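Next come the chains, spelled out residue by residue.
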Amino acid sequence: MVDPKKKIQIKPFRARVQMDRHGAEKLWLNLASAMNEIHNRNSSSLSFEELYRAAYNLVIQKHGTLLYKGVTDKLSEQLLATAERLSSAPDSTLLEEVSASFQEHVTTMAMVRDILMYMDRTYVTQQKSRPVFELGLHLYRIIVWEHENVMNRVTELLLQAIANER
C-alpha cells in the first residue's frame, strides 16, 4: 500500500534541446525586425510577450553575446540614419529636430529595455556590460550628438540664442 502521508508526484518529460546557431540567428532576426518596427513607431502590431520570450530563450540557450552584439549593431545602424538626417537639417529647425529625435530615442529605448529585461538582469550583469537603456543613451551621444555636423551646429545655435537673449 501507498503511505497516505506521502504524495506521489509525476513530473512531465521536458526535452532539453540546445538551440543551434541557425535557430538563434532566426530568433535574432525576428527581434531585429521588431526593433525596426519600434524605431519606426509601428509597434502596435507587436506582441511584447513573444518578443520577451524570444530574448529570454536566446539568453537561456547561451546566445546572449549574439543578442547583445546584435542590439548594439541595430541601434548603431538606426542612430547613423538619425545622425545623417539631422546633419542635413536646416539651422532654423535643427534644435527642435535634435530634441524630438532624442525624445523618440528615449521612448524607443524604454520599449527595447522592456523586451530585453531578462538579458539585462542576467547576461549584462555577468559580462559587466552596459544595460540596454544606458547602451542606447551612450550610442546616441557617440553617434548622433558627436556627429561632426550636429554637435558644432547645435552648440553654435545655443550660444547664438543665449547671446540674443542678453
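Heads up: these notes are all about the structure in this document. Predicted model, so just to flag it, every value in this text is computed and none were measured.

1. Description of the overall build of the protein
A tally of regular secondary structure across the protein gives 7 helices and 0 strands. Written out in order from the N terminus, the α and β elements of the protein read α-α-α-α-α-α-α. Taking 166 residues into account, the globule formula puts the C-alpha radius of gyration at 15 Å, and the protein, at 22 Å, lies well above it. Taken along its principal axes, the extent of the C-alpha atoms in the protein is 95 × 35 × 35 Å. A burial count over the protein gives 37% of its 166 residues as buried.

2. Things to note about unusual backbone geometry
The phi torsion at Lys 62 lies on the positive side, around 65 degrees, for a residue other than glycine. Structurally, Lys 62 is set in the loop between helix H2 (48–60) and helix H3 (64–87).

3. Some remarks on the pattern of salt bridges
Across all of its chains, the model carries 8 salt bridges by this definition. A salt bridge links Arg 113 to Asp 114; the shortest N-O distance between them is 3.8 Å.

4. Thoughts on the nonpolar core
Judged by nonpolar contacts, the single largest core of 41 residues is most densely connected at Trp 28, Leu 31, Leu 67, Leu 116 and Met 119. Among the secondary structure elements, those contributing two or more residues to this core are helix H1 (21–39), H2, H3, helix H4 (91–115), helix H5 (117–127), helix H6 (132–145) and helix H7 (151–165). Leaving out residues up to four positions away in the same chain, Met 119 has contacts with Val 59, Gly 64, Leu 67, Tyr 68, Val 124 and Val 132.

5. Focus: the packing of aromatic side chains
For the structure on display, the rule yields 3 aromatic pairs. Plain terms: the ring middles of Tyr 56 and Tyr 118 are 4.6 Å apart, the flat faces sit at 65 degrees to each other, and that makes the pair edge-to-face. Remark: Tyr 118 occurs in helix H5 and Tyr 56 occurs in helix H2; sequence separation between them is 62 residues. For Tyr 56, a relative accessible area of 32% puts it in the partly exposed group. Residues Tyr 68 and Tyr 123 carry aromatic rings whose centres are separated by 6.1 Å and whose planes lie at 45 degrees to one another, so their mutual orientation is tilted. One end of the pair, Tyr 68, is in helix H3; the other, Tyr 123, is in helix H5, with 55 residues separating them in the sequence.

6. So, the environment of Tyr 140
Looking at where Tyr 140 falls in the secondary structure, it is placed in helix H6. With relative accessibility at 6%, the residue Tyr 140 sits in the buried group. When the C-alpha atoms of Tyr 140 and Thr 82 are compared, they prove to be 9.4 Å apart, with 58 residues separating the residues in sequence. Apart from the residues lying within four places of it in its own chain, the contact partners of Tyr 140 are Leu 79, Leu 86, Val 98, Ser 101, Phe 102, His 105 and Trp 145. Reaching out from Tyr 140, the side chain makes a polar contact with the side chain of Ser 101 at a distance of 2.7 Å.

Rules of the game
Residues numbered from 1 in each chain as written. Predicted model: local features only at pLDDT ≥ 70, side-chain atom pairs only at ≥ 80, totals over all residues. Heavy atoms only, no water. Helix = DSSP H or I, 4+ residues; strand = E, 2+ residues; numbered from the N terminus. Rg over C-alpha atoms; globule rule 2.2 N^0.38 Å. Buried < 20%, exposed > 50% of the residue type's maximum accessible area, 1.4 Å probe, protein only. Salt bridge = Lys/Arg side-chain N within 4 Å of Asp/Glu carboxyl O. Core = buried A, V, L, I, M, F, W, Y, C linked by side-chain atoms within 4.5 Å. Contact = heavy atoms within 4.5 Å. Phe/Tyr/Trp six-rings, centres within 6.5 Å; stacked < 30°, edge-to-face > 60°. Polar contact = N/O pair within 3.5 Å; in protein donor to acceptor, adjacent residues only side chain to side chain.

Nothing here speaks to function; it is geometry throughout.
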